[in-house]
Amino acid sequence: MRMTFRWFGEGNDTVSLEQIKQIPGVEGLVWSLHDVPAGDEWPMEKIEEVKGQADRYGFHLEVVESVNVHEDIKLGLPSRDQYIENYKRTIEKLAKVGVKVICYNFMPIFDWLRTDLHKAGADGSTALFYEKSKIHNTDPFELVKVINQNSALTMPGWEPERLEHLTSLFEAYRNVTEEDLWNHLQYFLEEIVPVAERNGIKMAIHPDDPPWSIFGLPRIITSQQNLRRFLKLADSPSNGITLCTGSLGANPDNDIIGMIHEFHERIPFAHIRNVSVFENGDFMETSHRTTDGTVDIAGVVKAYYENGFTGYARPDHGRHIWGETCRPGYGLYDRALGIMYLWGLWDAYAKQAGRLN
Ligand code: DNO
């Protein structure tokens, strides 16, 4: 397990590289060019700038999260070919600075979605929260109207740029089915995977978060069965998964440990975090500890250990603790605690196997 830490870039993150350097066992940064719009080719100067920053602290940049996929690719529009070309050029450039894994997702319109970014827990910390009924009973077009009338009102995970085009995007997806989305994903992979192979890069799709349809939009990277289907779309080591225990874990039917045993050779990147799922389907993000949530994190790490996992891992969203002000889910403290929990488990399994000096 090669430990990494997500960093949003200079001036874009409350956590400094100096701080990350002091977390035990972190060898690399999980990074992106967050100001480059989805679909554009990444400029080499900007890539090299981040490389220079990482080099000063001795971090590698082998994992990118994410190179986002333009909506036209997910919609299967004729304009997708240009965006796919740009994506290929970006892959080639990233290989030049030593990138080995590119995380991306194929969720229509939204990335992760929550209804509250600072839900208070019993211990006084706050964390990301999803209230199912708020999303399920909401007509997206009504919601867009309300948001447009009141600019102070927004939904977590909805960035202003996306909001501007929201109505037309919902219109565009009106007749797109899950099967269409599978076809569009296949088209994308057929183009991208050979380029990734030639450049020694593993593409790693991130599961949908939450792993079910929202606002009637199709979502397909949601379950073991669908991940199996996904891997068959392009049967190559360069077509892999970012196995996110928190995203998949929001649906308690998902057997995450079973997925690790089945797919481990195709998991170049592990996102490890816990989530507490309530009976009504709401869920709240918790500390990484197994007993604090619904996901058996100790079992997850054990499954990776038993399969000799040598891929990259990172702690995922943490709670906001000790008064920290930070990007929602991405503070220093709880993620650093998460890392120590993951190392604690890993080292204990290694010790048990007589492999820890
Ligand atoms: C949330 C993350 C996701 C993830 C993307 C991958 O914090 O897990 O935003 O980075 O979905 O493309």
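These lines cover the structure that appears in this document, whether it is placed above or below.

Concerning helix α9 (residues 178-198)
Consideration 1: End to end, α9 covers 30 Å across 21 residues, agreeing with the expected 30 Å (1.5 Å per residue, within 8%).
Consideration 2: Along α9, the largest kink reaches about 30° and is centred on Ile-192; proline Pro-194 follows within four residues of it.
Consideration 3: Of the residues making up α9, those classed as buried are Leu-181, Trp-182, His-184, Leu-185, Phe-188, Leu-189, Ile-192, Val-193, Val-195 and Ala-196.
Consideration 4: At its buried positions, α9 is contacted by α3 (71-75), α4 (80-96), β4 (101-105), β7 (202-206), α10 (224-233) and β8 (239-244).
Consideration 5: Taken from the residues just after α9, Gly-200 is the one with a positive phi, measuring 65°.

Comments concerning the nonpolar core
Most often, soluble globular proteins have nonpolar side chains that are buried together.
Consideration 1: Leu-185, Phe-188 and Phe-230 are the most contacted members of the largest nonpolar core, which has 102 residues in total.
Consideration 2: Among the elements that take part in this core, α9 stands out by supplying nine residues, more than any other.
Consideration 3: Leu-185 has contacts with Tyr-104, Phe-106, Ile-205, Ile-220, Ile-221, Phe-230 and Leu-233, leaving out every residue within four places of it along the chain.
Consideration 4: The next biggest cluster of nonpolar side chains, apart from the first, holds seven residues, and it includes Val-63, Cys-103, Ala-204 and Tyr-312.

Quick word on the packing of helix α13 (residues 297-306) against helix α14 (residues 333-352)
When two helices pack together, you describe them by how their axes are tilted relative to each other and by the distance separating the axes.
Consideration 1: The interhelical angle for the contact between α13 and α14, taken along N-to-C directions, is 50°, at an axis separation of 10 Å. The angle between the axes of α13 and α14 places the two elements in the oblique class. Crossing of α13 against α14: the hand is right-handed. Of the residues in α14, those in contact with Ile-297, Ala-298, Val-301, Lys-302, Tyr-304 and Tyr-305 of α13 are Tyr-341, Leu-342, Leu-345, Trp-346, Tyr-349 and Ala-350.

Thresholds applied
Residues numbered from 1 in each chain as written. Predicted model: local features only at pLDDT ≥ 70, side-chain atom pairs only at ≥ 80, totals over all residues. Heavy atoms only, no water. Helix = DSSP H or I, 4+ residues; strand = E, 2+ residues; numbered from the N terminus. Expected span 1.5 Å × (residues − 1). Bend = angle between axes of the 7 residues up to and from the residue. Buried < 20%, exposed > 50% of the residue type's maximum accessible area, 1.4 Å probe, protein only. Contact = heavy atoms within 4.5 Å. Core = buried A, V, L, I, M, F, W, Y, C linked by side-chain atoms within 4.5 Å. Axes fitted to C-alpha atoms, helices over the stretch in contact; angles between N-to-C directions. Parallel < 35°, antiparallel > 145°, perpendicular 65-115°, else oblique. Left-handed = near helix turned anticlockwise from the far one by under 90°.

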